[in-house]
Amino acid sequence: MSTNPAWIVYAWPRILCAVEALSGLQFAHLSTQVLVAGAGRRPSSGQTLWLSRSGESAAGVAWDWVSQPPGMVALADPMALVSNIQLLNEDGEVLAPMELALELNGVVHGLPWQDQVQRALQSGLKAPVTSPA
């Protein structure tokens, strides 16, 4: 299991991608870490990393999550997704950070990431939970 933080994705080589091609990327769970094991009123929190491979290129998206009422998890900050993807609009211009965050949130919304977080929380480990490659 990797102990690298999910935010390492920001250091990966940049991937240029047209906005309309983003929905075609197939993201798979890479790792989830519980960084704070909640107790009482203090929620659990951590980070998760998802990966899409195409040939030798790897696109990643990572974000922090927080547990809410028992059995519910949410993005800690929907505007603070970290990725090595740079999206290009139809004119070939790189999207502004806010526009990128909105597009990436659409991707995250379609991923079964809450299941992976619940798995990590149920494991009771602070070590990362990874999916087979």
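Residues numbered from 1 in each chain as written. Predicted model: local features only at pLDDT ≥ 70, side-chain atom pairs only at ≥ 80, totals over all residues. Heavy atoms only, no water.

### Re a negative patch on the surface
Together, Glu 20, Glu 90, Asp 91 and Glu 93 line one region of the surface with negative charge. Looking at where Glu 90 falls in the secondary structure, it is placed in the loop between β7 (85–88) and α2 (97–109). (Patch = residues over 30% accessible without salt bridge, like charges linked within 9 Å, V, L, I, M, F, W, Y side chains within 5 Å. Areas by Shrake-Rupley, 256 points an atom, 1.4 Å probe, with all protein chains shown as cover. Salt bridge = Lys/Arg side-chain N within 4 Å of Asp/Glu carboxyl O. Lys, Arg positive; Asp, Glu negative; His and termini not counted. Charge placed at Lys NZ, Arg CZ, Asp CG, Glu CD. Helix = DSSP H or I, 4+ residues; strand = E, 2+ residues; numbered from the N terminus.)

### Here's the deal with the layout of surface pockets
Taken as a whole, the largest pocket spans an internal volume of roughly 260 Å³. If you trace the largest pocket, you find 16 residues lining it, with Leu 81, Ser 83, Ile 85, Pro 97 and Leu 100 closest to the centre. Contributing elements (two or more residues each) for the lining of the largest pocket: β6 (82–83), β7 and α2. The biggest single contributor to the lining of the largest pocket is α2, with four residues. Broken down by class, the residue content of the lining of the largest pocket amounts to 13 nonpolar, two polar and one charged. Quantified by volume, the second largest pocket comes out at close to 160 Å³. The wall of the second largest pocket is formed by 16 residues, among which Arg 42, Pro 43, Ser 44, Ser 67 and Gln 68 lie closest to the centre. Grouping the constituent residues of the lining of the second largest pocket by class yields seven nonpolar, seven polar and two charged. (1 Å grid on protein atoms, 1.4 Å probe; cavity = no way out; pocket = protein on both sides within 12 Å on 5 of 7 lines; lining within 4 Å. Points joined across faces, edges and corners; volume = space filled by probe spheres on them. Nonpolar A, V, L, I, M, F, W, Y, C, P; charged D, E, K, R; others polar.)

### Some thoughts on the pairing of strand β1 (residues 15–18)
Of the two faces of β1, only the one carrying Ile 15 and Cys 17 is buried; Leu 16 and Ala 18 on the other face are not. Where β1 and β7 come together, four bridges link them in parallel fashion. Bridging from a neighbouring strand, Ala 18 pairs with Leu 88 of β7. (Buried < 20%, exposed > 50% of the residue type's maximum accessible area, 1.4 Å probe, protein only. Pairing = 2+ DSSP bridges.)

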